[in-house]
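# Commentary on secondary and tertiary structure
Spelled out from the first residue to the last, the chains are:
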Amino acid sequence: MKTLYLHIGTIKTGTKAIQCFCWENLAVLQKYGYTYPDLSALCPECTQVKNAHFLIDNIENNDKSLQEAQIQEKCKKGMEQVTALFSDYDNIILSDEGIYGATYHRRKTLWQELKEYGEQNGFSVKIILYLRRQDELMISTWNQHIKANSINPEQTFDEFISVIPKNRQLNYYKKLESISSILGKENIIVRPFVKETFWEGSIYADFLHSIGLNLTEEYQISKEKRNQSLTGNTHEIMRVLNGVPELSQKDLKFMRNILRIEKEISSAQYPSSMFSKKEFKKFIKKYVRTNQLVAKEYLSNPDGALFDYTPPAIPKWTADNPFMQQDIIRFTAIGIKKLREENKKLQLNFRKLEQKVELMLPK
């Protein structure tokens, strides 16, 4: 039976790393009858490695209403290309972490559409999703908003956590039931986003194992760190900078890169959590029971242990911590050093241009 593997994230679970790994190792995957197709022509504004985006691409009218006919047409074109690829490959891998959220409301019919495509064209559809413990997911999501200056980039963590939108779908069991009610439990592959439980200790080995492959020396793993986060004081500095109207996106990117350098010292000097022990217990209590159901029914774990719920052993981060001043001084010093280095390069280039002009002038 030919199989379409649809990796839907979830968000903040190493999705980009998996996508880049599949793209960079396309030749190896194809050797074993798998492919990770380039469908970027369908969504040219989207990154090439996010090859399932055509399934949820948001096409709007001028009044922000959805162009349902165009959305369905794009989805149809994409699935026609996918179906054609099955003549050469037994297994096709698509990935986009946005699918998890989009199928809450805007694309809630997608699971039925995929089931029908599979039945009509002789392939099964298997969904792969990684689940992160809910408190870690919320911290990482908020971190991303601040770091990328995207949604509410000046919002504090307490403000962010006070109102959790329904489409965040932190009740994983409810979400999985909505998918399996159409595609069947046997076609849902759930993996905890917990390093200690990864197959062979690697997210790449874990993903390959979930689709029936093994990580061997044939595969190349990029050493580039993708989507690095900020922490503690460096994150707070970035949050405040987001609110400075005089700063452009280029300015913020420059400062974000400085903070990434600074964070190594900062996080070692002041390890902290965004939750206190009491706050963590109160927050995670809402999800323990449904997480147990996920473990029992989707991971065949009779103990129902999806995650470890040990409270953080480090203190809750506070803005008035004794290390903030040191981090601000270091941030300023590193920034000045970077500016001096850039200025030195510009001066050197200017001298070279002067010398060229002198040689061209008549003597």
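The sections below set out a description of the structure shown in this document.

Procedures and definitions
Residues numbered from 1 in each chain as written. Predicted model: local features only at pLDDT ≥ 70, side-chain atom pairs only at ≥ 80, totals over all residues. Heavy atoms only, no water. Axes fitted to C-alpha atoms, helices over the stretch in contact; angles between N-to-C directions. Helix = DSSP H or I, 4+ residues; strand = E, 2+ residues; numbered from the N terminus. Parallel < 35°, antiparallel > 145°, perpendicular 65-115°, else oblique. Left-handed = near helix turned anticlockwise from the far one by under 90°. Contact = heavy atoms within 4.5 Å. Nonpolar A, V, L, I, M, F, W, Y, C, P; charged D, E, K, R; others polar. Pairing = 2+ DSSP bridges. Phe/Tyr/Trp six-rings, centres within 6.5 Å; stacked < 30°, edge-to-face > 60°. Buried < 20%, exposed > 50% of the residue type's maximum accessible area, 1.4 Å probe, protein only. Lys NZ or Arg CZ within 6 Å of the ring centre and 35° of its normal. Core = buried A, V, L, I, M, F, W, Y, C linked by side-chain atoms within 4.5 Å. Salt bridge = Lys/Arg side-chain N within 4 Å of Asp/Glu carboxyl O. Polar contact = N/O pair within 3.5 Å; in protein donor to acceptor, adjacent residues only side chain to side chain.

### Considering the packing of helix H5 (residues 110–121) against helix H8 (residues 172–183)
- Contact pair H5 / H8: the axes reach a minimum separation of 9 Å and the direction vectors enclose 25°. As the angle between them shows, H5 and H8 are arranged roughly parallel. In this structure, the crossing between H5 and H8 has a hand that is right-handed. On the side of H5, the interface is formed by Trp-111, Gln-112 and Lys-115, while H8 contributes Ser-178, Ile-179, Ile-182 and Leu-183.
- Its residues assigned to classes, the contact of H5 with H8 shows four nonpolar, two polar and one charged.

### What about the sheet that holds strand E2 (residues 34–35)?
- Across the sheet, five strands lie side by side as E2-E3-E1-E4-E5; this open sheet has parallel pairing. The sheet is open, and its two edges are formed by E2 and strand E5 (188–192), each paired on a single side.
- Inspection of the sheet shows strand E1 (residues 2–7) paired to strand E4 (residues 123–131) by six bridges, in the parallel sense. Bridging from a neighbouring strand, Lys-2 pairs with Phe-123 of E4.
- Set on the sheet, helix H3 (residues 68–85) makes contact with E1, strand E3 (91–95) and E4; between it and E3 the angle comes to about 150°.

### Side note on the packing of aromatic side chains
- Counting across every chain of the model gives 12 aromatic pairs.
- A centroid spacing of 5.3 Å and a plane angle of 90° characterise the contact between Phe-157 and Phe-275, whose relative ring orientation is edge-to-face. With Phe-157 in helix H7 (residues 157–162) and Phe-275 in the loop between helix H11 (249–269) and helix H12 (277–284), this residue pair connects regions lying 118 residues apart in the sequence.
- Among the residues examined, Phe-157 registers a relative accessible area of 4% and is labelled buried.
- Of the aromatic side chains, those joined through ring pairs into one cluster are Trp-142, Phe-157, Phe-275, Phe-283 and Tyr-287.
- Of note, Lys-175 hangs over the ring of Tyr-100, and the distance from its end group to the ring centre comes to 5.2 Å.

### Here we look at the nonpolar core
- By size, the foremost hydrophobic cluster in this structure holds 68 residues, and its most contacted members are Leu-6, Leu-55, Met-79 and Ile-127.
- Contacts of Ile-127, omitting those with residues within four sequence positions, involve Leu-6, Ile-8, Trp-111, Ile-179, Leu-183, Asn-187, Ile-188 and Ile-189.

### Re the environment of Arg-191
- Mapping Arg-191 onto the fold places it in strand E5.
- Note on Arg-191: relative accessible area 18%, which makes it buried.
- With 59 residues separating them in the primary sequence, Arg-191 and Arg-132 have C-alpha atoms 9.0 Å apart.
- Not counting chain neighbours up to four residues away, the residues in contact with Arg-191 comprise Leu-129, Tyr-130, Leu-131, Thr-197, Trp-199, Asp-206 and Leu-299.

### Brief notes about the pattern of salt bridges
- Within the structure shown, the criterion is met by 16 salt bridges.
- Its salt-bridge partner being Arg-330, residue Asp-327 comes within 2.9 Å of it at the nearest N-O pair. Linking Asp-327 with Arg-330, this pair stays in helix H14 (residues 324–360), spanning three residues, or about one helical turn.
- Salt bridges sharing common partners tie together Arg-132, Arg-133, Asp-135 and Glu-136.

### Quick word on the side chain of Asn-143
- When you line up the elements, Asn-143 lands in helix H6 (residues 134–148).
- If near-sequence neighbours (up to four positions away) are discounted, Asn-143 is found in contact with Ser-229, Leu-230, Thr-231 and His-235.

### Side note on the pairing of E4
- Along E4, nine of the nine residues are buried, which leaves the element largely enclosed by surrounding structure.
- Burial along E4 is two-sided: Phe-123, Val-125, Ile-127, Leu-129 and Leu-131 and Ser-124, Lys-126, Ile-128 and Tyr-130, pointing in opposite directions, are all buried.
- Here five bridges tie E4 to E5, and the two strands are oriented parallel to one another. The residue of E5 that forms the bridge with Ile-127 is Ile-188.

### Some remarks on helix H9 (residues 203–210)
- By the criterion of burial, H9 is predominantly enclosed, with seven of the eight residues buried.
- Among the residues of H9, Ile-203, Tyr-204, Ala-205, Asp-206, Phe-207, Leu-208 and Ser-210 are the ones counted as buried.
- Lining the buried residues of H9 we find E1, helix H1 (15–24), helix H2 (26–31), E3, E4 and E5.
- By the N-cap criterion, in which a side-chain oxygen at the helix start approaches the backbone nitrogen of a residue two or three places on, H9 is capped by Ser-202, the distance to Tyr-204 being 3.1 Å.
- One or two residues past the end of H9 sits Gly-212, with phi positive at roughly 90°.

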